[in-house]
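# Tertiary structure, described
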Amino acid sequence: MPPTGKAAVFHGPGRPFEIRELPLPEVEPDAVLIRVGVANICGSDLHFWRGDAPLRLPADGWIYGHEMTGRVARLGSRVKTDSMGRPLRQGDRVAYCYFYPCGRCYACMGGEPAACPNKIGRPLGPSQFPYFHGAFAEYYYLHPGGAIFTVPDSLPDDIVASVNCALSQVIFGLRKAGLAFGQSVVMQGAGGLGVQAAAVAKAMGAAPVIVVDQLPGRLDLARAFGADHAINLKDIPDRKERINLVRKLTDGAGAHVACDFVGLPAVIPEGIEMLRAGGTYLEIGTISRGARVELEPAQLVWGSKKVIGVVMYDPSVIPQALDFLVRYRGQFPFDRLISHKFPLEKIDDAFRASEWHNRESTSITRAALTP
Ligand SMILES: [Zn+2]
Ligand SMILES: [Zn+2]
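We now turn to the structure provided with this report. Counting restarts for each chain: residues are numbered from 1 in the order of the written sequence. Whichever chain is written first becomes A and whichever ligand is written first becomes 1, with later ones labelled in order. Totals for whole chains, interfaces and linings use every residue, but because this is a predicted model, local features are given only for residues with pLDDT of at least 70 and side-chain atom pairs only at 80 or more, for both listing and counting. Hydrogen atoms and water are omitted, and side-chain values are computed over all heavy atoms in the structure.

Every protein donor of the zinc ion (ligand 2) is listed here as Cys102 (SG), Cys105 (SG), Cys108 (SG) and Cys116 (SG), and their distances to the metal cover 2.3 to 2.4 Å. Between the 4 donor atoms coordinating the zinc ion (ligand 2), the angles at the centre fall across 105 to 118 degrees, so the site counts as tetrahedral. Each metal site lists N, O and S donors within 2.8 Å (3.2 Å for Na, K and Ca). With water left out of the atoms, a site can look as if it is missing ligands. Spacing between the donor residues of the zinc ion (ligand 2) along the chain follows C-x2-C-x2-C-x7-C. Separated by 14 residues along the polypeptide, Cys102 in the loop between strand E5 (93–96) and helix H2 (106–109) and Cys116 in the loop between H2 and strand E6 (139–142) bring together distant segments of the chain. Any site counts as irregular unless it has four donors with all angles between 85 and 135 degrees, making it tetrahedral, or four or six donors with opposite ones more than 155 degrees apart and the rest between 65 and 115, making it square planar or octahedral. Note on conventions: DSSP H or I runs of at least 4 residues are helices, E runs of at least 2 residues are strands, and numbering of each starts at the N terminus.

Here you go:
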């Protein structure tokens, strides 16, 4: 194994990534060094790149990215199995968490590891151990105690890459929202999260599954992923009309569950209005701190509606997501989720190609790096 590996270092919005050669870290006894095979550019990565999710970067830049899969490059001396107790060896293909519930806080002890306030550390730069902090690099360092799972042979890397973010996120989110068999659901946004959420909702027995977006290519994909109705914002520019259409499609009542997979707070009030009385709004997309929206609280009060926020998931969802892919691969075209691939050196092109803001149409669903 070479003593160094490449990483793409982010120096702030509007600035090109710097490809830097870094030393491979000494692997602690309970850690795992992973050779990254596929790293997707997720919507939240775009927020940081675009600069609409402000954060303080380390002085020497930040190595980020989190939606990925790879192979075990080096096992810590005490790691013999994956998190399910199955033997784990060098070279095994793995899916893993990119966050680390601490196990000792009130949230973790309360059985809510996804809500652990310590699960994600501050951004780290290339000079800080263990150097490989994110997906946009040849290696990723899974910290001691990180959840890791072997991947079924039948699933190619391109499909597995979205498991540790988009897919596990929507499975966990829809569960938290209480979506049940026979209930109606609206997905606002048909990006990576929205289309996979459509498939998961369909598999959960939800009906109808309604997806709203403004890019025809994405709406086609949403249909292929199980959407019963794909609504193009451009066809129905009037918000009241869209809400009425959702009512019409849901026995006149509105949806049981509606979800923000767009990542723009402006969509939230409309989603809440699309709910029936007693319905639940699931907030996942808008991660940008400081982003605000005006809400009419009486909508919630008189409609007995709930709003729940979710970021990340219980690590035990990952093997369920892998199992879901094995069972539903024939039914939904997961291989269409990654539309474009770029080598690590072309990371700037990959981000530019992924940018969907202010665009009439985009053929990109998810761009992936193959470090
Ligand atoms: Zn993500
Ligand atoms: Zn915790």
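Further notes follow.
The coordination sphere of the zinc ion (ligand 1) contains the protein donors Cys42 (SG), His66 (NE2) and Cys165 (SG), at a distance range of 1.9 to 2.2 Å. Within one chain, the residues serving as donors to the zinc ion (ligand 1) are arranged as C-x23-H-x98-C. Linking Cys42 in the loop between strand E3 (32–40) and helix H1 (43–50) with Cys165 in helix H4 (residues 163–176), this pair joins segments that are 123 residues apart in sequence. Take Cys42 and Cys165: they sit in the same class, and that class is buried. Buried means the residue's accessible area, taken with a 1.4 Å probe over protein chains only, is under 20% of the maximum for its type, while exposed means over 50%, and partly exposed covers the values in between.

What follows deals with unusual backbone geometry. The bulk of non-glycine residues show a negative phi, and the bulk of peptide bonds are trans. Residues Phe129 and Pro130 are joined by a peptide bond in cis, for which omega reads 0 degrees. Tracing the chain through its elements places Pro130 in the loop between H2 and E6. Omega for the peptide link from Ala207 to Pro208 comes to -10 degrees, which places this bond in the cis form. Relative to the elements of secondary structure, Pro208 occurs in the loop between helix H5 (192–203) and strand E9 (209–213). The phi dihedral of Ser304 falls on the positive side, at around 45 degrees, and the residue is not glycine. Among the secondary structure elements, Ser304 is positioned in the loop between helix H9 (297–303) and strand E13 (306–309).

Moving on: the pairing of E5. A two-sided burial pattern is seen for E5, the buried positions comprising Arg93 and Ala95 on one face and Val94 and Tyr96 on the other. Note on pairing: DSSP must find at least two bridges between two strands before they are called paired. Note: strand E4 (residues 67–75) against E5, 2 bridges, orientation antiparallel. Counterpart to Gly70 in the pairing with E5 is Val94. Bridge count for E5 against strand E7 (residues 148–150) is 3 bridges, and the pairing is antiparallel. Each residue of the ladder has a partner; that of Ala95, found in E7, is Phe149.

This part covers the packing of aromatic side chains. Here a pair means two rings of Phe, Tyr or Trp (six-membered ring of Trp) with centres within 6.5 Å. Their orientation is stacked below 30 degrees between planes, edge-to-face above 60, and tilted elsewhere. Counted by the stated rule, this structure contains 24 aromatic pairs. Judged by centre distance (4.4 Å) and plane angle (15 degrees), the ring pair of Trp62 and Tyr64 falls under stacked. Measuring from centroid to centroid gives 5.1 Å for Tyr98 and Phe99, while their planes differ by 80 degrees, and the two rings are edge-to-face. When its relative accessible area of 12% is taken as the criterion, Tyr98 is described as buried. Owing to a relative accessible area of 1%, Phe99 belongs among the buried residues under this scheme. Whether a charge sits over a ring depends on NZ of Lys or CZ of Arg being within 6 Å of the ring centre and within 35 degrees of the ring normal. For the cation-ring pair, Arg35 lies above Tyr139, with the distance from its terminal atom to the ring centre recorded as 5.4 Å.

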